[in-house]
Amino acid sequence: MPEANNLREAERLMTICNSCRYCEGLCAVFPAMERRRVFATGDLTYLANLCHSCGACYDNCQFTPPHEFAVNVPRAMSNLRRESWERYAWPAPFAVLFRRNFTAVATALALCIAGFLIGLSATHPAAMLLRADGLPGAFYRLMPHAAMALLFGGATLFALLALAMGVRHFWQSVNLADPLNVDAAALLQAIKDTGSLRYLGGGGAGCYNESEQPGDTRRLFHHLTFYGFLLCFAATLVATLYHYLLGREAPYAWYDLPVLLGTTGGTGLIIGPAGLAIARHRRRGELKDAGQSGMDSAFILMLLLTSLTGLALLLLRATPAMGVVLALHLGVVFALLVTMPYSRFVHGIYRFAALLRYALERRNLH
Ligand code: SF4
Ligand code: SF4
C-alpha cells in the first residue's frame, strides 16, 4: 500500500478508536491517541513507533474483519512504522536500502566477508594465515590493531551519525522539545519502559502471537536479544580498555572479563534471535506485516551470524582455522555496523524516541 494510503488508513482507525476507547489500558498508543482530535502525519508516525505490535488490541477488538470497520491497528501501525524508517533515513538516497532489505543486507554481508578474506590472504602467506597461534596479539599479527580500530571505529561513527540524523528528523516531525533540554524524570521513565518492554505486555496478559492465548515468550526472546547485544558491546568496550589502559592484547583467557561478557552475550544473541524467528514464523497471518518479512529475516540472520562467528572464534582461536574464522567474524561485524542504520535495528532507536515523547506528554511537559 502506498504511503498516503497507509497514513489515511491509520488516521481512519485512530478516529474509530478515539470514539471507542475500549483499549485504553492496553498500551501507550491509546492514551497518547486520546490526547489528540486530529492526526497529522507526525502524530501518526509517533503513534506507530510507540506501538510494540503486541497484538492485544486486535484480539480485544469487536470491529476486526469481517466487521465492516475492518479494524486492524497492529498491521496499520507496522506499515506506517516501516515507512517512517525509510522517510527518516540519512543520507536520503540510502533510504532505498529499506525496500529490498534482505537483498541489500545479504549483498553487504557477502562483500564484507569477501573483502576481509581477500584482504587477509593477499597480505599474508598461506602458512601464516593457516598456522595455530592463539597467543596474545594473535589477531593483530593478521590485521594490525591500528587498521582494525580505524576501520571499525569509522564504521561505528558512520552508523551513529546516520542514526542520530534519522532521530533528529523524527524529533522534528513529532514536534519534540530540544533533546538536550529534556526532563530527567521523563528520560528515566523512557529508559525503564524501553528496557522492560513494558508495552509488549498486552496490558498485563502478555503478547498475542500464534493464538488468542497471550504469553510472554516473545518478550523473553526480545530481552535475550537486546541484553545479549549489550553484553557483546560491553565485551568490546572492556577489551578496548584492556588494550589501551593495561597494554593487554586479545585473545584473552576464558576467565577474563571480555570473554565472560562476550560468551554470555553471544549465547543470548543466539537463543534470542532464534526464538524471535520461530515466533515470527508462528505469528497469525492477520497480525503479520508481509512487507517487513525480509527486513526481519535479514536482521535475525545478521545477529545470529555475529554471535555464531564470535563464539566460533573463541573456540578455534588456537587452531589453524583461526585466520579464516577471524576474517568471517570481522566481515559479519563490519556488515552489521554499516547496515545498522538501514535495518530492523532502527526500531529500537525510534521506539525509545517515541517513548520519551510519551513520558514528556504524561508529565505535561510537552
Ligand atoms: S482497537 Fe477496536 S476495541 Fe480497541 S479502541 Fe480501537 S476500535 Fe475500540
Ligand atoms: S498492538 Fe499492542 S502496542 Fe500496538 S497498539 Fe495494539 S495494544 Fe498497543
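Before any of the text, the structure's been laid out above.
So, here is what we can say about the structure in this document. The structure displayed is predicted, hence computed values, not measured ones.

### Comments concerning the packing of helix H6 (residues 101-123) against helix H13 (residues 293-316)
Okay, step 1: Their axes nearest at 7 Å, the elements H6 and H13 cross at an angle of 25°. If you check the angle between H6 and H13, you find them roughly parallel. Across from Asn101, Phe102, Val105 and Leu109 in H6, the residues of H13 making contact are Gly294, Met295, Ser297, Ala298, Leu301, Met302 and Leu305.
Okay, step 2: When grouped by side-chain class, the residues that make up the contact of H6 with H13 number eight nonpolar, three polar and no charged.

### Side note on the site of ligand 2
Okay, step 1: Neighbouring ligand 2 are 13 residues; Cys27, Cys51, Cys54, Gly55 and Cys57 lie closest to it.
Okay, step 2: Assessed atom by atom at 2 Å from the grid points, ligand 2 resides in the largest cavity.
Okay, step 3: At the level of secondary structure, the elements contributing two or more residues to the shell around ligand 2 comprise helix H2 (29-34) and helix H5 (73-87).
Okay, step 4: Considering only residue class, the shell around ligand 2 consists of 10 nonpolar, three polar and no charged.

### Looking at the pattern of salt bridges
Okay, step 1: Enumeration according to the criterion identifies 17 salt bridges in this entry.
Okay, step 2: For Arg36, the salt bridge identified is with Asp43, shortest N-O distance 2.9 Å. Take Arg36 and Asp43: they sit in the same class, and that class is buried.
Okay, step 3: Asp193 serves as the salt-bridge partner of Arg198, at 3.2 Å between the closest nitrogen and oxygen.
Okay, step 4: One salt-bridge network, in which partners are shared between bridges, spans Arg35, Arg36, Asp43, Arg357 and Glu361.

### With respect to helix H12 (residues 257-282)
Okay, step 1: For H12, spanning 26 residues, the distance from its first C-alpha to its last is 37 Å, which sits close to the expected 38 Å at 1.5 Å a residue.
Okay, step 2: Looking at H12, one finds that the buried residues are Pro258, Val259, Leu261, Gly265, Gly266, Gly268, Leu269, Gly272, Pro273, Gly275, Leu276 and Ala279.
Okay, step 3: Looking at the buried positions of H12, the neighbouring elements they touch are helix H11 (217-246) and H13.

### Considering the packing of H6 against helix H14 (residues 322-339)
Okay, step 1: Viewed as axis vectors pointing N to C, H6 and H14 meet at an angle of 140°, and their least axial separation amounts to 8 Å. If you check the angle between H6 and H14, you find them oblique. Like other packed secondary-structure pairs, H6 and H14 cross with a definite hand, here right-handed. Together, Val105, Ala108, Leu109, Cys112, Ile113, Phe116, Leu117 and Leu120 of H6 and Gly323, Val324, Ala327, Leu328, Leu330, Gly331, Val332, Phe334, Ala335 and Thr339 of H14 make up the contact between the two elements.
Okay, step 2: Here the contact of H6 with H14 is composed, by residue class, of 15 nonpolar, three polar and no charged.

### Structural notes on empty space enclosed by the protein
Okay, step 1: Per the stated rule, a full pass over the model turns up five cavities of 30 Å³ or more.
Okay, step 2: Volume-wise, the largest cavity comes out at about 130 Å³.
Okay, step 3: Lining the largest cavity we find 16 residues, and of these Cys27, Cys51, Ser53, Cys54 and Cys57 sit closest to its centre.
Okay, step 4: Within the residue set of the lining of the largest cavity, elements represented by two or more residues are H2, helix H4 (56-59) and H5.
Okay, step 5: Partitioning the lining of the largest cavity into residue classes produces 13 nonpolar, three polar and no charged.
Okay, step 6: Size it by volume and the second largest cavity reaches roughly 100 Å³.
Okay, step 7: Along its surface, the second largest cavity is lined by 13 residues, and Cys17, Cys20, Cys23, Cys61 and Val71 are the ones closest to its centre.
Okay, step 8: Broken down by element, the residue count for the lining of the second largest cavity peaks at three residues, all from helix H1 (residues 3-20).
Okay, step 9: Taken together, the residues of the lining of the second largest cavity break down into 11 nonpolar, one polar and one charged.

Analysis parameters
- Numbers given for residues are sequential positions, taken from 1 along each chain in its written order.
- Each chain gets a letter, beginning with A, and each ligand a number, beginning with 1, in the order they are written.
- The predicted origin of the model limits local features to residues at a pLDDT of at least 70 and limits the giving and counting of side-chain atom pairs to 80 or more, whereas totals for whole chains, interfaces and linings rest on all residues.
- For the side-chain quantities, the full set of heavy atoms in the structure was used; hydrogens and water were omitted.
- Lines are fitted to the C-alpha atoms to define the axes, a helix being fitted only along its stretch in contact, and any angle between axes, read from their N-to-C directions, falls within 0 to 180 degrees.
- Runs of H or I in DSSP of at least four residues are treated as helices and runs of E of at least two as strands, each being numbered from the N terminus.
- These descriptions rest on fixed angle ranges, namely under 35 degrees for roughly parallel, over 145 for roughly antiparallel, 65 to 115 for roughly perpendicular, and the rest for oblique.
- Contact between two residues is taken to exist if any of their heavy atoms lie within 4.5 Å; hydrogens are not considered.
- Throughout this entry, Asp, Glu, Lys and Arg are counted as charged residues, while Ala, Val, Leu, Ile, Met, Phe, Trp, Tyr, Cys and Pro are counted as nonpolar. The remaining residues, Gly among them, count as polar.
- By convention in these notes, a residue is near a molecule or strand provided one of its non-hydrogen atoms lies within 4 Å of it.
- Here a cavity denotes grid points, spaced 1 Å and computed from the protein atoms alone, that fit a 1.4 Å probe unable to get out, and a pocket denotes an open set having protein on both sides within 12 Å along at least 5 of 7 lines; residues with an atom within 4 Å of a point are the lining.
- By definition, a pocket or cavity contains a molecule when more than half of the molecule's atoms lie within 2 Å of the pocket's grid points.
- One speaks of a salt bridge when a side-chain nitrogen belonging to Lys or Arg is within 4 Å of a carboxyl oxygen belonging to Asp or Glu.
- Between buried and exposed lies partly exposed: a residue is buried under 20% and exposed over 50% of the maximum accessible area for its type, with that area taken using a 1.4 Å probe on protein chains only.
- Take the number of residues in a helix, subtract one, and multiply by 1.5 Å to get its expected span.
- Left-handed describes a crossing in which the near helix is turned anticlockwise from the far one by less than a right angle; the clockwise case is right-handed.
- Grid points are joined across faces, edges and corners, and a volume is the space filled by probe spheres set on the points.

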